[in-house]
Amino acid sequence: MGKRYTTDTQMNSKELSSQTKLIRSGIARSSFDETSEGMFLTSGFVYSSAEEAEATFLGQRERYIYSRYGNPTVSMFEKRLAALEGAEHCQATASGMSAVYTSLIGLLQSGSRVVASRALFGSCFVILSDLLPRFGVKVDFVDGPDILAWDKALSTPCDVVFLESPSNPTLELIDIAHVSGLAKQAGAKLVVDNVFATPLYQKPLELGADVVVYSATKHIDGQGRVLGGAILCAEDLFREAYQPYIRHTGPSMSPFNAWVLTKSLETLSLRVDAQSDAAMALADWLEKQPSVASVRYPGHASHPQHALAKRQMKKFGTVLAFSVKDTGEGGKAAAFKMMNKLQLIDISNNLGDSKSLITHPATTTHRALSEEARLAVGIDAGLVRLSVGLEHVDDLRSDLERALS
Ligand SMILES: Cc1ncc(COP(=O)(O)O)c(C=O)c1O
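Below is a summary of the structure that appears in this document. Everything quoted here is computed from the prediction, not taken from an experiment.

**Here we look at the nonpolar core**
Line of reasoning, step 1. By size, the foremost hydrophobic cluster in this structure holds 33 residues, and its most contacted members are Leu320, Phe322, Met338, Ile358 and Leu386.
Line of reasoning, step 2. Residue assignment for this core shows that the elements contributing at least two residues are helix H12 (268–287), strand S8 (292–296), helix H13 (306–312), strand S9 (319–324), helix H14 (331–341), strand S12 (383–387) and helix H16 (393–404).
Line of reasoning, step 3. Top element by residues in this core is H12. It accounts for 6 residues.
Line of reasoning, step 4. Contact partners of Met338, with chain neighbours within four places excluded, come to Phe322, Val324, Ile358, Val384, Ala403 and Leu404.

Following this line, the structure appears as C-alpha cells:
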C-alpha cells in the first residue's frame, strides 16, 4: 500500500501545497469512516468512569471535555486553517470581533500600553479607543503608512501592537516586517488582523507577527451563511495568554458553524483567486470613469503603496474602494444615488462574499467614528467599498456603468 498522509505533521509539511491542505488537513474520521467531515453537534462528552473524569480534570488525559473548551468538528476547522497559515495553533471563535477582542485582552492588563494603526474596521477602533481605556489600558494610534510615526511610537515600551493591512475600507497598507522589528524592540507582541489579505495572500507570521486574527465570516465562509473567527499563534503563547481566558469566558465557535467553515475552506483559493482577478479588472475600469474621483486597490499602480503591496502580498484581495465625484449635492448624495441605481450588486455591510456587495462606510461600518476620525483615515462622504463576488466580471462592469451614468 502507498504512503498515506495521515498525521497533522505530515499534512502541515511544506511538501503539500495550500490547495491540498485546504482539502485534506485536519480530518478526524469517526469509526464510521465517512468521506466528508462529520458534524459533532454536542455540547458535552461522556467518561467511561469517574476515575477517567478525575484524571481528565487533573490534566493527565488529553480528550474532549466540553465544547466551550474544544469539539471534534471545531478542531477540524482549526487544524485546517492552522495548516494553511503555517501556525502551530489555531483557536476558533464565535465571530471575528471575539477573535480580535480575545487576541488583545489575553495579552493586556491594567496599565498596559497598546500602539495601533488608526485605519481599522469600526468595531476594532471602538475596542481600542473606548473599551480598553476603561480598564486602564493606554492606547496610542499612528497613521499606518507613516514609518516614522511607528518608529516614534515604538521607541518607548509597549505591550501589544495591533494593525490591519490592507485596512477596511481605505486599503491602506502597513509594512508588517518593519513594524514587527520595532514591536520586538519595544517588548510588544504584534497582532495582525489579516481579513482583507486572506490567509492565501499574506503571511503575517512569516513577516514577524506573533498573532494573526480573522473574521471567518468574510472570505472563509464566503457565502454569507455563518459568523466565525480565528486566532493563530505559537502553541506556547496560546497556552500562556489565551487558553485560560477562552476556557473561562467562552467565545467559542459552534460546531455547526465550524462544519460550514471547514467545508468552505475547500473552495477558498478557487473563490478568492477569481474574486481578486475580477477586483483588479474592475479597479482598472473604474479608474477611467469620468464620474469616479479616485480608486483605491493595492494591486493597482495608482495605489500609493503599490510597491509594498507587491513585496508583502501574493495577490491583492477581493475588495476595492472608490469615491464618486460630487455633482453639487455633496459626496454622500452622489454615492447614494449611484448605489440605489445598482441592479445586481447588493447594498450590504458584509464583504468577502460570493455575491458582490457595496457599502457606504461613512454611514454604516464606520459610523461610530467622529467625522474628524473618518476623514483622518480617508473615509470621505463619497467613498464606497466594493467587495467583488463571483458573478461574471462583465455583468458587474455593466451594473456599475449603468449606476455611474
Ligand atoms: C477587518 C475586519 N476585522 C474584523 C471584523 C469583524 O468580524 P465579524 O463580523 O465576524 O465579527 C470585520 C468585519 O467586518 C473586518 O472587516
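**Notes on the sheet that holds strand S2 (residues 113–117)**
Line of reasoning, step 1. Judged by pairing direction, the sheet is mixed, and its 7 strands sit side by side in the order S1-S7-S6-S5-S4-S2-S3 without closing on themselves. The sheet is open, and its two borders are formed by strand S1 (89–93) and strand S3 (138–142), each paired with just one other strand. Taken over all neighbouring pairs, the strand axes of this sheet differ in orientation by 20° on average, direction set aside.
Line of reasoning, step 2. The sheet contact formed by S2 and S3 spans 5 bridges and is parallel. Bridging across to S3, Arg113 finds its partner in Lys138.
Line of reasoning, step 3. Running over the sheet, helix H6 (residues 122–134) touches S2, S3, strand S4 (160–164) and strand S5 (189–193) and is turned about 150° from S3.

**A look at the site of the ligand**
Line of reasoning, step 1. Every residue near the ligand is listed here: Ser95, Gly96, Met97, Phe121, Glu164, Asn168, Asp193, Val195, Ser215, Thr217, Lys218 and Gly228.
Line of reasoning, step 2. Here Thr217 contributes a side-chain N or O atom positioned 2.6 Å from an oxygen atom of the ligand.
Line of reasoning, step 3. Summarising the interface, the protein chains cover 91% of the accessible area of the ligand, which totals 400 Å² for the free molecule.

**As for the environment of Gly44**
Line of reasoning, step 1. Mapped onto the elements of the fold, Gly44 is located in the loop between helix H2 (18–24) and helix H3 (50–57).
Line of reasoning, step 2. Sequence separation of Gly44 and Ala283 is 239 residues, and the distance between their C-alpha atoms is 49 Å.

**Examining unusual backbone geometry**
Line of reasoning, step 1. Cis geometry marks the peptide bond from Ser165 to Pro166, where omega comes out at -10°.
Line of reasoning, step 2. Its place among the elements puts Pro166 in the loop between S4 and helix H8 (176–186).
Line of reasoning, step 3. Residue Pro169 is bonded to the preceding Asn168 through a cis peptide linkage, with omega at 5°.
Line of reasoning, step 4. Checked against the element boundaries, Pro169 lands in the loop between S4 and H8.
Line of reasoning, step 5. You will see that Asp33, though not glycine, has its phi angle at about 55°, which is positive.
Line of reasoning, step 6. If you trace the backbone, Asp33 turns up in the loop between H2 and H3.
Line of reasoning, step 7. Judged by relative accessible area, which is 60%, Asp33 ranks as exposed.
Line of reasoning, step 8. Of note, Leu171 is a non-glycine position whose phi angle comes to about 55°, a positive value.
Line of reasoning, step 9. Looking at the element boundaries, Leu171 is found in the loop between S4 and H8.

**Topic: the environment of Thr73**
Line of reasoning, step 1. Summarising the element assignment, Thr73 is placed in helix H4 (residues 72–85).
Line of reasoning, step 2. For Thr73, a relative accessible area of 1% translates into the label buried.
Line of reasoning, step 3. Each C-alpha atom, one on Thr73 and one on Met253, is 10.0 Å from the other, the two residues being 180 residues apart in sequence.
Line of reasoning, step 4. Excluding residues within four positions of it along the chain, Thr73 makes contact with Gly38, Met39, Phe40, Pro255, Ala258, Trp259 and Thr262.
Line of reasoning, step 5. Within polar-contact distance, the side chain of Thr73 engages the backbone oxygen of Gly38 at 3.2 Å.

Conventions used here
- Residues numbered from 1 in each chain as written.
- Predicted model: local features only at pLDDT ≥ 70, side-chain atom pairs only at ≥ 80, totals over all residues.
- Heavy atoms only, no water.
- Core = buried A, V, L, I, M, F, W, Y, C linked by side-chain atoms within 4.5 Å.
- Buried < 20%, exposed > 50% of the residue type's maximum accessible area, 1.4 Å probe, protein only.
- Helix = DSSP H or I, 4+ residues; strand = E, 2+ residues; numbered from the N terminus.
- Contact = heavy atoms within 4.5 Å.
- Pairing = 2+ DSSP bridges.
- Axes fitted to C-alpha atoms, helices over the stretch in contact; angles between N-to-C directions.
- Near = heavy atom within 4 Å.
- Polar contact = N/O pair within 3.5 Å; in protein donor to acceptor, adjacent residues only side chain to side chain.
- Areas by Shrake-Rupley, 256 points an atom, 1.4 Å probe, with all protein chains shown as cover.

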